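Structural overview
Below are the chains, spelled out letter by letter.
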Amino acid sequence: PNARTVIRGGLVITAADELHADVLIEGERVAALATTGSAAAEAWTADTVIDATGHYVIPGGVDAHTHMELPFGGTAASDTFETGTRAAAWGGTTTIVDFAVQPVGASLREGLDAWHAKADGNCAIDYAFHTIVSDVNDGVLKEMDALVDSGESTSFKLFMAYPGVFYSDDGRILRAMQRGAANGGLIMMHAENGIAIDVLVEQALAAGHTAPRYHGEVRRELLEAEATHRAIKLAQVAGSPLYVVHVSAASALAELAQARDAGLNVFGETCPQYLFLSTDNLAETGADGFEGAKYVCSTPLRPREHQAALWRGLRANDLQVVSTDHCPFCFAGQKELGRGDFSKIPNGLPGVENRMDLLHQAVVDGHITRRRWIEIACTTPARMFGLHPRKGTITPGADADIVVYDPTAVQTVSAATHHMNVDYSAYEGRQLAGRARTVLSRGTVVLDDGTWLGRAGHGAFQRRDTCQYLT
Ligand code: DUC
Ligand code: ZN
Ligand code: ZN
Ligand code: ZN
């Protein structure tokens, strides 16, 4: 017997519409929507009624870029799948897509098995996996076909950065793109020229430039733009679509815009840190000038003026997705590994809990509309990675991943109150308007009015279709 829940009286916001409607949930799925006060809505009986008067009713967020427990730089990202997915739900996100890493010298299968071992039975919300391909070879190309067919992983991240770790040269990238063009897999690109960056790193360290801010200086904007351009051309040669992750530079965005104007299936993601933070955060602050380490990530934070270009790109649809690249490392003991050598600071920022609220603040500030907020944070990531319409929208048949959002709640972001397993917040002290009040994951209330009701293991692994934007 399916439990019936009705969410009454809220403003339902999707990428397409805003309507005053009640939502009927049967079991794990949305059964119907009907105008609030209509005879149809009044006739619904329910086991549970959730009052959403004065609130938004939105699809749960889909964060298509997280790194729980990622081994990196001799340590590992500090959120487990248990702590990271719980924090996500506190912030109104109900699906994550994490990156399973192919170990060097091993298969994609071994990477995925390792990721299932970390995640299965531990997640509070639903989850899926991209695959990081660290070694393109004949076996891996065959594995890609099978993973796309089964839906276990239909997107593959390659790196033009990090020589000796994840890096692929142009020939390997081209081969993977050709395979993606043939099997429907979507190639995701970390677009920075890592070979050139490593030369600049070596020169900076030799000159005694060891502070965190030099991380931003050596990872030159030109080298993001150049790699973005090269990735686009390689995709064009392969006849494959391309999704560029964590776009931070205005000039890289311009490359995407030009490719899209030319009609190519090229997509771009940016992250909250590039929209809300800047090189100012990397400056030599704190007792010993090392506080900037908290803001070391790749691509790096850029000068402030890039923010306006990124907002424009989101409005113009030259950028389609905002995901977090959530990759937390504690300041104590982890970021500190890079004291005296910025190149040893583990790269990454926490943010999975903050994304929906930061983007809602952007609605309040006039950067984007409410529907665009839902589109870039929920609907498009779901469509891009083959999770739609199960995820990313509120429609009959969709999973009941729903957030009752209070747009008038005021919160002050702080590590003292957040739920991520990390000892600082990249947004410490920031006042934000809006907060998830009630969060449902497949029809189950996991968070209500500041009380955690979820459990590790509720979250289910999601097989995926291929990208739903290809023309
Ligand atoms: N960038 C980061 O900041 N962290 C993990 C990997 C990456 O590409
Ligand atoms: Zn990356
Ligand atoms: Zn990443
Ligand atoms: Zn309220």
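Residues numbered from 1 in each chain as written. Chains lettered and ligands numbered in written order. Predicted model: local features only at pLDDT ≥ 70, side-chain atom pairs only at ≥ 80, totals over all residues.

For the protein chain, the name recorded in an unreviewed UniProt entry is Dihydropyrimidinase, with Streptomyces kaniharaensis as its organism. A UniProt comment under Sequence similarities (unreviewed entry) is attached to the protein chain, and it reads "Belongs to the metallo-dependent hydrolases superfamily. Hydantoinase/dihydropyrimidinase family." Under the heading Cofactor (unreviewed entry), UniProt records this for the protein chain: "Zn(2+)". (UniProt positions renumbered as here; feature names shortened; annotations may be inferred.)

**Some remarks on the UniProt feature "modified residue: N6-carboxylysine" (unreviewed entry) in the protein chain**
What UniProt calls "modified residue: N6-carboxylysine" (unreviewed entry) maps, in this numbering, to K157. Tracing the sequence through the fold places K157 in strand β11 (residues 155-159). Setting aside residues up to four positions removed in sequence, K157 forms contacts with F99, H130, I132, V133, M188, H190 and V245. (Helix = DSSP H or I, 4+ residues; strand = E, 2+ residues; numbered from the N terminus. Contact = placed C-beta atoms within 7 Å.)

**Quick notes on the sheet that holds strand β13 (residues 242-244)**
As summarised here, the arrangement of the eight strands in space is β6-β9-β10-β11-β12-β13-β14-β15, forming an open sheet in which the pairing is parallel. In this open sheet, the two strands that pair with only one neighbour each are β6 (61-66) and β15 (321-322). As defined by bridge partners, β13 adjoins strand β14 (residues 266-270) across three bridges and the pair is classed as parallel. What sits directly across from V244, in β14, is G268. Contacts between helix α3 (residues 108-119) and the sheet are confined to β9 (93-101) and β10 (126-132), with β10 contributing the most and set at about 155 degrees to the helix. (Pairing = 2+ DSSP bridges. Axes fitted to C-alpha atoms, helices over the stretch in contact; angles between N-to-C directions.)

**Points about the nonpolar core**
Ranked by internal contacts, the top residues of the largest apolar core, which has 141 residues, are V23, I187, M189, A231 and L242. For this core, the leading source of residues is helix α8 (residues 221-238), giving eight residues. (Core = buried A, V, L, I, M, F, W, Y, C linked by C-beta atoms within 7 Å. Buried ≥ 20, exposed ≤ 12 C-beta atoms within 10 Å, placed from the backbone.)

**Focus: the pairing of strand β12 (residues 186-190)**
Among the five residues of β12, five are classified as buried, and the element is accordingly described as predominantly covered. Burial along β12 is two-sided: L186, M188 and H190 facing one way and I187 and M189 facing the other are all buried. Summarising the sheet, β11 and β12 pair through five bridges and their orientation is parallel. Within the sheet, the bridge partner assigned to F156 lies in β12 and is I187. Between β11 and its parallel partner β12, the chain crosses via helix α5 (residues 170-183), and the hand of that crossover is right-handed. Bridge analysis of β12 against β13 gives three bridges, and the strand direction is parallel. What sits directly across from I187, in β13, is L242. (Right-handed = clockwise from strand over helix to strand, strands pointing away.)

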